[in-house]
Amino acid sequence: MQRWRGLEDIPQDWGRSVVTIGSYDGVHRGHQLIIQHTVDRARELGLPAVVVTFDPHPKEVLRPGTHPPLLAPHHRRAELMADLGVDAVLVLPFTTEFSNLSPADFIVKVLIDKLRAKAVVEGPNFRFGHRAAGDVVFLAELGKTYDFEVEVVDLFVSGEAGGGQPFSSTLTRRLVGEGDVEGAMEILGRPHRVEGVVVRGAQRGRELGVPTANVETLPHTAIPADGVYAGWLHAQGEMMPSAISVGTNPTFDGTERTVEAHVIDRVGLDLYGLHVAVDFLAYVRGQVKFDSLDALIERMGEDIKVSRELTAAAEAGDR
């Protein structure tokens, strides 16, 4: 799959294509419907499927300081889109100048001059251009002028997550923030993931016989609520069952919020300096300040046991 950052990265001889545009943070199951439809339509027409997205999030440019927590960094979104069959991802740097483009100028500059769109696939609530003045009706009108068709796909999937609310990135962020990683997993179609580099922490886990990988997460990452979770740590091509702690280590009067993963039943792992990913399968318990180290160690043993059972059951169910 080709990855472009900015319009200048698009090959000058790029032919016609089928395009969808959006932030697509998380590439959740609603997003997947639109992207899959884009790919299917591209295959029917014998053309490449292109996803156009933005960096940074438009909110950060339009209202600085309001950048939402991200469910997936751009490289992860690209991986998920490639799995769906997307041929190219265009990440457009979102600037103040770019935000001032009128809906018509946006279409001409991106879809016509560069991507030569034959078809555009969007959800019913798609908005674009200055002050989000453009919508799918206006997009379809421009399609008649510039020779591209517009297909609107309903992305409003719902399930048990969020009490039956339509699946969305906003709902997913809320559930992650509340620690409801099971609900987030229903929306995403996979466990919520955070990524980062393993750094040296206070080494308390190692001293207590339960070493952890302290993950310095990427900026703006959506991190689950404080507590203990079962999940997996991905490193060097391995997916390892883990007990994951999120919080400030109140037993030691900590103040810095961290994500730490203890890889279950593994010894001698050296992960320092590696870029790793942590998948959250299930909530085990909330953050607790223990009265003694013995009480903490005993509870950590219970957390590991529960996490071992939950991850084993999940892995057995996938077979």
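The present account deals with the structure reproduced in this document. (Residues numbered from 1 in each chain as written. Predicted model: local features only at pLDDT ≥ 70, side-chain atom pairs only at ≥ 80, totals over all residues. Heavy atoms only, no water.)

### Points about the packing of aromatic side chains
- Enumeration over the complete set of coordinates arrives at 10 aromatic pairs.
- Between phenylalanine 54 and phenylalanine 94, the aromatic rings sit 5.8 Å apart at their centres with planes inclined by 85 degrees, giving edge-to-face as the arrangement. One end of the pair, phenylalanine 54, is in strand 3 (residues 49-55); the other, phenylalanine 94, is in the loop between strand 4 (88-93) and helix 4 (96-99), and 40 residues separate them in sequence.
- Taking relative accessible area as the criterion, phenylalanine 94 reaches 11% and is therefore assigned buried.
- Residues tyrosine 229 and tyrosine 283 carry aromatic rings whose centres are separated by 5.6 Å and whose planes lie at 75 degrees to one another, so their mutual orientation is edge-to-face. With a gap of 54 residues between them, tyrosine 229 in strand 9 (residues 227-235) and tyrosine 283 in strand 12 (residues 275-286) connect regions that are remote in the sequence. (Phe/Tyr/Trp six-rings, centres within 6.5 Å; stacked < 30°, edge-to-face > 60°. Helix = DSSP H or I, 4+ residues; strand = E, 2+ residues; numbered from the N terminus. Buried < 20%, exposed > 50% of the residue type's maximum accessible area, 1.4 Å probe, protein only.)

### Observations regarding the pairing of strand 2 (residues 17-21)
- Counting buried residues in strand 2 gives five out of five residues, a clear majority hidden from the surface.
- As paired strands, strand 2 and strand 3 are joined by four bridges and run parallel to one another. When the bridges of strand 3 are listed, valine 18 appears paired with alanine 49.
- Taken together, strand 2, helix 1 (residues 29-45) and strand 3 constitute a β-α-β crossover, and its handedness is right-handed. (Pairing = 2+ DSSP bridges. Right-handed = clockwise from strand over helix to strand, strands pointing away.)

### A word on the layout of surface pockets
- Counted as a void, the largest pocket has a volume near 1100 Å³.
- Gly22, Ser23, His57, Pro58 and Arg127 are, among the 39 residues lining the largest pocket, the residues nearest its centre.
- Elements represented by at least two residues in the lining of the largest pocket include exactly helix 1, helix 2 (58-62), helix 4 and helix 7 (169-178).
- In terms of residue class, the lining of the largest pocket is built from 18 nonpolar, 14 polar and seven charged. (1 Å grid on protein atoms, 1.4 Å probe; cavity = no way out; pocket = protein on both sides within 12 Å on 5 of 7 lines; lining within 4 Å. Points joined across faces, edges and corners; volume = space filled by probe spheres on them. Nonpolar A, V, L, I, M, F, W, Y, C, P; charged D, E, K, R; others polar.)

Coordinates in, geometry out; function isn't part of it.
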